[in-house]
Amino acid sequence: MDRHLAFGHLRNFRDLGGYRGFEGRTVRWGRLYRSDALSKMDDADWARFLELGVKTVIDLRYPWEIERAGRVREHHGLAYHNLSVEHRPYQQATLGPEVATGPYLAAKYAEVAQDGVVELRQALDVIVADDSAPVVFHCASGKDRTGLLAALVLTLLDVPDEVIVEDFALTELATAGLVADMTARMGVAPTWPGYGRAPAEVMTLFLAWVGENHGSLRGYAEKELGIDDAYVARLRATLLDP
């Protein structure tokens, strides 16, 4: 099954189902999605989105991003949460070619892991809540902030690190579209060759940082987010097949 769902204007909408986790159980299809900004949807995309029966949207962007670019359309029965996990703004598109993609982005993810403790826990609380699914979480490109939250959820479901890295790198299939979107918005192509890229090295380096500082991403969740065994069991019951 293709993880990328076809939309006219969304470049990076993906289903996190099908991965094998705790006790060999698989993540349920159609329960948890990751995406780029849902504000980009036109009417046809919106009709496609409604077909998925999404009940909850978690928007990981800054409030000023939402004010500038818009948010998902309001709809009866659709809950919306703005949880800005990033606290130190930066501009990727205008970086120079001398900036190495892997180390640079991995360091930014480490910043989010340190700064966004409250919001990351709140996002997990929304995902684990009764009757919240299907859930979509997203940022602007569905790559960095979204990728970190996806890694955190998959880790708690006991999906192996190598699979988490592979899932992260699937954004590479959307890179051309993400660059085209930014070029259209800015009127000029991004100067950074790493813009819209998601090489495996980024997540590999971030997981290495987490390992050095917290033992593992699960260890980070326990120590920094207050996630205990009972919480993990609830998340697994919500997202894994029996």
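It should be noted that the structure appears before, not after, this text.
Being a predicted model, the structure only gives us computed values, none of them experimental.

K.L.:
Pulling in residues and values, what's your account of the overall build of the protein chain?
P.N.:
When you go through the protein chain residue by residue, the secondary structure sums to 10 helices and five strands. By the compact-globule yardstick of 18 Å for 242 residues, the protein chain fits well, its C-alpha radius of gyration being 17 Å. Counting across all 242 residues of the protein chain, residues that qualify as buried make up 55%. Carbon together with sulfur atoms contributes 53% to the accessible area of the protein chain, which is approximately 10300 Å² in total. One way to put it: in the protein chain the 26 positive side-chain charges average out to a point 2 Å from where the 35 negative ones average out.

K.L.:
Go over the packing of aromatic side chains, please, and point to the residues and values.
P.N.:
Considering all chains together, one arrives at 10 aromatic pairs under this definition. With a centroid separation of 4.9 Å and an interplanar angle of 45°, the aromatic rings of F7 and F13 are classed as tilted. Each member of the pair, F7 as well as F13, is classed as buried. Between Y90 and Y104, the aromatic rings sit 6.0 Å apart at their centres with planes inclined by 70°, giving edge-to-face as the arrangement. Note that Y90 is positioned in the loop between β4 (79-82) and α3 (101-115) and Y104 in helix α3, a separation of 14 residues in sequence. What makes Y90 buried here is its relative accessible area of 16%.

K.L.:
Hey, could you go over the sheet that holds strand β1 (residues 14-15) for me, with residue numbers and the actual values?
P.N.:
Spatially, five strands are ordered β1-β2-β5-β3-β4 in an open sheet, and the strand pairing comes out mixed. With partners counted over all chains shown, the strands left at the sheet margins are β1 and β4, one partner each. Sheet topology places strand β3 (residues 56-59) next to strand β5 (residues 135-138); four bridges connect them, and they run parallel. In the sheet register, V57 faces β5, and the bridge partner there is V136.

K.L.:
Go over unusual backbone geometry with me, naming the residues and quoting the values.
P.N.:
A cis geometry characterises the amide bond from A133 onward to P134, with omega recorded as 0°. Mapped onto the elements, P134 comes out in the loop between α4 (117-128) and β5. For D131, which is not a glycine, the phi torsion comes out positive at approximately 65°. Positive phi is not limited to glycine here, since D158 has a value of about 70°. Inspection of the secondary structure puts D158 in the loop between α5 (145-156) and α6 (161-169). For D158, a relative accessible area of 41% gives the class partly exposed.

K.L.:
Explain helix α9 (residues 217-225) residue by residue, including any values.
P.N.:
Looking at α9, one finds that the buried residues are L217, G219, Y220, A221 and L225. Contacts from the buried residues of α9 go to α3, α4, α5 and α8 (200-214). For α9, the N-terminal capping position is held by S216, with its side-chain oxygen 3.4 Å away from the main-chain nitrogen of R218. Trailing α9 by a residue or two, G226 shows a phi angle of about 75°, which is positive.

K.L.:
A description of the packing of α4 against α5 should follow, citing residues and the corresponding values.
P.N.:
Working note: a packed helix pair is described by the angle between its axes plus the distance between those axes. Two elements in contact, α4 and α5, have axes whose closest approach is 11 Å; the angle formed by their N-to-C orientations is 55°. Accordingly, the angle class assigned to the pair α4 and α5 is oblique. Judged by the sense of rotation from one axis to the other, the crossing of α4 with α5 is right-handed. Contacts between α4 and α5 involve L120, A123, L124 and I127 on the former and, on the latter, L148, L149, L152, V153 and L156. Across the contact of α4 with α5, the residue classes tally to nine nonpolar, no polar and no charged.

K.L.:
Outline the side chain of H4, supporting the account with residue identities and numerical values.
P.N.:
Its place among the elements puts H4 in the segment before β1. Under the relative-accessibility criterion, H4 is labelled buried at 18%. Reaching out from H4, the side chain makes a polar contact with the side chain of N12 at a distance of 3.2 Å. Among all residues touching H4, those that are not within four sequence positions of it are R11, N12, F13, R14, L170, L173 and A174.

K.L.:
I'd like a rundown of helix α7 (residues 175-186), residues and numbers included.
P.N.:
End to end, α7 covers 16 Å across 12 residues, agreeing with the expected 16 Å (1.5 Å per residue, within 8%). Within α7 the residues assigned to the buried category are T175, G177, L178 and M182. All buried residues of α7 project into a common sector of 165° when viewed along the axis, lining one side. When the buried face of α7 is taken as reference, the exposed residues oriented beyond 90 degrees from it are A176 and A184. One or two positions beyond α7, positive phi appears at G187, with a value near 85°.

Thresholds applied
- Residues numbered from 1 in each chain as written.
- Predicted model: local features only at pLDDT ≥ 70, side-chain atom pairs only at ≥ 80, totals over all residues.
- Heavy atoms only, no water.
- Helix = DSSP H or I, 4+ residues; strand = E, 2+ residues; numbered from the N terminus.
- Rg over C-alpha atoms; globule rule 2.2 N^0.38 Å.
- Buried < 20%, exposed > 50% of the residue type's maximum accessible area, 1.4 Å probe, protein only.
- Areas by Shrake-Rupley, 256 points an atom, 1.4 Å probe, with all protein chains shown as cover.
- Lys, Arg positive; Asp, Glu negative; His and termini not counted.
- Charge placed at Lys NZ, Arg CZ, Asp CG, Glu CD.
- Phe/Tyr/Trp six-rings, centres within 6.5 Å; stacked < 30°, edge-to-face > 60°.
- Pairing = 2+ DSSP bridges.
- Contact = heavy atoms within 4.5 Å.
- Polar contact = N/O pair within 3.5 Å; in protein donor to acceptor, adjacent residues only side chain to side chain.
- Axes fitted to C-alpha atoms, helices over the stretch in contact; angles between N-to-C directions.
- Parallel < 35°, antiparallel > 145°, perpendicular 65-115°, else oblique.
- Left-handed = near helix turned anticlockwise from the far one by under 90°.
- Nonpolar A, V, L, I, M, F, W, Y, C, P; charged D, E, K, R; others polar.
- Expected span 1.5 Å × (residues − 1).
- Arc of directions from axis to C-beta.

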